[in-house]
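Fold and geometry: a report
Here is how the chains run, residue by residue.
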Amino acid sequence: MTTSPSEAAPAVIDHLLDRLSALGVRHLFGMPGDYNLKVLDHVLAHPRVQWVGTVNELGSAYAADGYARVNGFGALLTTFGVGELNAINGVAGAYAERVPLLHIAIGPTRATERAGSLVHHTLGDGDFERFARAHRQVVCADAVLRPDNALAEIDRVLTTCLRESLPGYLRVPRDVALGPAAPRPALDVPDPKAADPEQLAAFRDAARDRLATARAVAVLADFLVDRCHARAELAALLAAGRFPHAVLIAGKTVVDESRPGFLGLYAGAMSDDRVRSTIDRADPLIRAGVLLTDMATGKFTHEFDPDKGIDLGPTTARVDGVAFPGVPLAAALDVLTELVRGRPPGEAPVTAPADRRAPAPARPAEFPTTLKDAVVALGRKVCGPGIPLTQSYLWQAVGESLRPHHTVYADNGTALMGIADRRFPGGARFVAQPLWASIGYCIPALLGAQLADPSRRGVLLIGDGSAQLTAPELGTVDRHPVKPIVVLVNNDGYTIERITHGLRAPYNEVARWRWAALPAALGVRNPLVLSARTRGQLDRALARATSATDRFVLIEVFVGKDDVPPPLKRMTANRPDRAKWVP
Ligand SMILES: Cc1ncc(C[n+]2csc(CCOP(=O)(O)OP(=O)(O)O)c2C)c(N)n1
């Protein structure tokens, strides 16, 4: 008679699942393989962690990443060699984008390792450490578990991941995973606000002096605000100072974009003129959780001086280039808020000029902000719905269709650039991977993030090229109570690459999928499949999609092969020397 996992004494894998559950993990992504099957029986038996099978381990990694962005931590479990190497691109992406997750790779038993047997999923050379070594390049902490170190190593890796907001990796021989685990006290979770008191005091003095000579304060916020759990602290600073503020592309929606003072997306020469001049000329510019990547800065066309101003990083704050290590982002924001609030009335730091304009309208996405937008809006009314779709119209209409409970997933390509500069309603969320920029990320990321917060509706924006990498996971999505709106941008290939190089080159073309037939082919139940070639068709499709909350919706939109969204057009106009996309 065999014993079921739930009846036996706790095993190392049970303990690990308990640890993950204590961190809020309720879903474990992955794929089976013969090395991990018995371990998966323990996952199925666990009372609080649910197994979510994907159809490719790359999908598991992207899903765990999406999950962690919403939930604070994520995890995936794969099989030795083939499975874990499929996942490694996604784990690397989590590192680049500072997402804390754990990759658990279950391998052959220690006896197999000791014998050096030529078992499957090895390179046939008896070396069982190769894939752990590969992972060491893309994680902040890793361990090979043995019976005598397993529990301590699990805690070390988990706390490092949490402290650094980065992925970790455990290589676990199957017999170790199934071996006994002794009880252990709860995990010591690092406090994101714990600061070095002396450095904090020195930062306070330096920041006070800098704000005293401020001429035009503005704030630029980015995704590290989210990773450092500092949204509330940033919102408090913005409310206290009423500073004009903008976001970088990865930081979209870290602030409520419907609030007065929100300028829009800052992306160097790709930005709208008003955003660009306010941020570039701020004195000082307060940067919260900012990473100045190529995509974020319009290929480094930002004109503010990164060595000047008040820069708040994850663990180090800087004032005009002077570093205060041990001052985490949330604590530094609290200091600035306190300084701004503590000023006598009438002595608030001077905000940048844009803030003295009329406050932003409540739903600004519906109002034209530039002459070009005004022309588009007018054309839309006057010329009617029969006009063929353009990228400009597409993103304006998608932006206007968004609701506070929507989470937008924008994959790399024209979709990301198109939606990024639309102003979102308050409460709406944004998920993208602009630094690692691995196309196809958003389909599994949507699966993960929607399972993490099923109260929201996912709106996936993705090009036909990117979708071909991970489309099978749309079938996985529909195995769960997740009903997204998928806007598939069909421009017949890799347009973002075409405008970089090879406008008519065959390497920028892809097979023409019959996208409308795909949901059914992937097993999606009762999908609502729509298509749009004109403005009117798009408007109607978006309206139907928004109201069909209980259905998986696919809208295939057709735009020209060479058409690009407004930020890319601005880049060409403002900096033709930098308009090509290769660094
Ligand atoms: C995994 C991976 N392979 C290749 C690339 C290079 N790449 C970046 S964007 C892109 C094309 C995206 O095309 P599509 O999704 O159709 O969007 P479009 O720009 O055409 O709207 C490619 C191939 C990448 N970023 N990631």
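The rules behind the values
Residues numbered from 1 in each chain as written. Predicted model: local features only at pLDDT ≥ 70, side-chain atom pairs only at ≥ 80, totals over all residues. Heavy atoms only, no water. Pairing = 2+ DSSP bridges. Helix = DSSP H or I, 4+ residues; strand = E, 2+ residues; numbered from the N terminus. Axes fitted to C-alpha atoms, helices over the stretch in contact; angles between N-to-C directions. Contact = heavy atoms within 4.5 Å. UniProt positions renumbered as here; feature names shortened; annotations may be inferred. Parallel < 35°, antiparallel > 145°, perpendicular 65-115°, else oblique. Left-handed = near helix turned anticlockwise from the far one by under 90°. Nonpolar A, V, L, I, M, F, W, Y, C, P; charged D, E, K, R; others polar. 1 Å grid on protein atoms, 1.4 Å probe; cavity = no way out; pocket = protein on both sides within 12 Å on 5 of 7 lines; lining within 4 Å. Points joined across faces, edges and corners; volume = space filled by probe spheres on them. Buried < 20%, exposed > 50% of the residue type's maximum accessible area, 1.4 Å probe, protein only. Phe/Tyr/Trp six-rings, centres within 6.5 Å; stacked < 30°, edge-to-face > 60°. Lys NZ or Arg CZ within 6 Å of the ring centre and 35° of its normal.

Take the sheet that holds strand 18 (residues 528-532) next. On the basis of which strands lie adjacent, the open sheet formed by six strands has the order 15-14-16-17-19-18 and parallel pairing. Both edges of this open sheet fall to strand 15 (429-431) and strand 18, since each of them pairs with a single strand only. Direction aside, neighbouring strands of the sheet carry axes that sit 15° apart on average. Across five bridges, strand 18 lies against strand 19 (residues 553-558) in parallel orientation. From the neighbouring strand, Ala 532 faces strand 19, where its bridge partner is Val 557. Of the strands in this sheet, strand 14 (406-410), strand 16 (457-463), strand 17 (485-490), strand 18 and strand 19 are in contact with helix 22 (residues 535-547), which crosses strand 18 at around 160°.

In the numbering adopted here, UniProt assigns the feature "domain: Thiamine pyrophosphate enzyme central" (unreviewed entry) to residues 206-331. Helix makes up 26% of residues 206-331 and strand 21%, with an end-to-end C-alpha separation of 15 Å.

As a packed pair, helix 9 (residues 197-212) and helix 13 (residues 329-342) sit with axes 10 Å apart at the nearest point and diverge in direction by 45°. With respect to their mutual orientation, helix 9 and helix 13 come out oblique. Between helix 9 and helix 13 lies a crossing whose hand is right-handed. Residues Leu 200, Phe 203, Arg 204, Ala 207, Arg 208 and Leu 211 of helix 9 lie in contact with helix 13, whose contacting residues are Ala 331, Ala 332, Val 335, Leu 336, Glu 338, Leu 339 and Val 340. A breakdown of the residues in the contact of helix 9 with helix 13 according to their chemical character gives ten nonpolar, no polar and three charged.

An order of 2-1-3-4-6-5 is seen for the six strands of this open sheet, with the pairing classed as parallel. Whereas interior strands pair on both sides, the edge strands pair on one side only; in this sheet they are strand 2 (50-53) and strand 5 (141-144). Adjacent strand axes in the sheet meet at a mean angle of 20° when their direction is disregarded. In the packing of helix 3 (residues 57-71) onto the sheet, the strands contacted are strand 1 (27-30), strand 3 (74-79) and strand 4 (101-107), and the crossing angle to strand 3 comes to about 165°.

Inspection of every chain in the model, using the stated rule, returns four cavities of 30 Å³ or more. In terms of lining, the largest cavity is formed by Glu 97, Asp 222, Phe 223, Ile 249, Ala 250, Leu 291, Thr 293, Met 295, Ala 296, Pro 434 and Leu 435. Classifying every residue of the lining of the largest cavity by side-chain character gives eight nonpolar, one polar and two charged.

A negative phi angle characterises most non-glycine residues, just as the trans form characterises most peptide bonds. Put simply, Asp 283 and Pro 284 share a cis peptide bond, and its omega is -5°. Relative to the helices and strands, Pro 284 resides in the loop between helix 12 (273-280) and strand 10 (285-288). In this structure, Arg 98 takes a positive phi of about 60° despite not being glycine. For Arg 98, a relative accessible area of 26% puts it in the partly exposed group.

Time to look at the environment of Lys 561. Mapping Lys 561 onto the fold places it in the loop between strand 19 and helix 23 (566-574). On the basis of relative accessible area, Lys 561 is assigned to the partly exposed category, the value being 27%. Sequence separation between Lys 561 and Arg 498 is 63 residues, and the spatial gap between their C-alpha atoms is 8.6 Å. Beyond its immediate sequence surroundings of up to four residues, Lys 561 is in contact with Asn 491, Asp 492, Thr 495, Arg 498, Arg 504 and Glu 509.

Moving on, we come to the packing of aromatic side chains. Geometrically, a pair of aromatic rings is defined through the distance of the ring centres and the angle of the planes. The final tally for this structure, using the stated rule, is nine aromatic pairs. Ring geometry for Tyr 35 against Phe 80: centres 5.9 Å apart, planes inclined by 85°, an arrangement best described as edge-to-face. With Tyr 35 in the loop between strand 1 and helix 2 (37-45) and Phe 80 in the loop between strand 3 and helix 4 (82-96), the pair connects residues that are 45 residues apart, well separated along the chain. You'll find Tyr 35 and Phe 80 in the same group, each marked buried. Pairing Phe 424 with Phe 430 gives two aromatic rings, centres 5.9 Å apart and planes at 75°, and the pair type is edge-to-face. The pair Phe 424 / Phe 430 is uniform in exposure class, with both members buried. Across the ring face of Phe 424, the terminal group of Lys 252 is positioned such that the distance to the ring centre comes to 4.1 Å. Here the basic side chain of Arg 533 rests over the ring of Phe 558, its NZ or CZ set 3.7 Å away from the ring centre.

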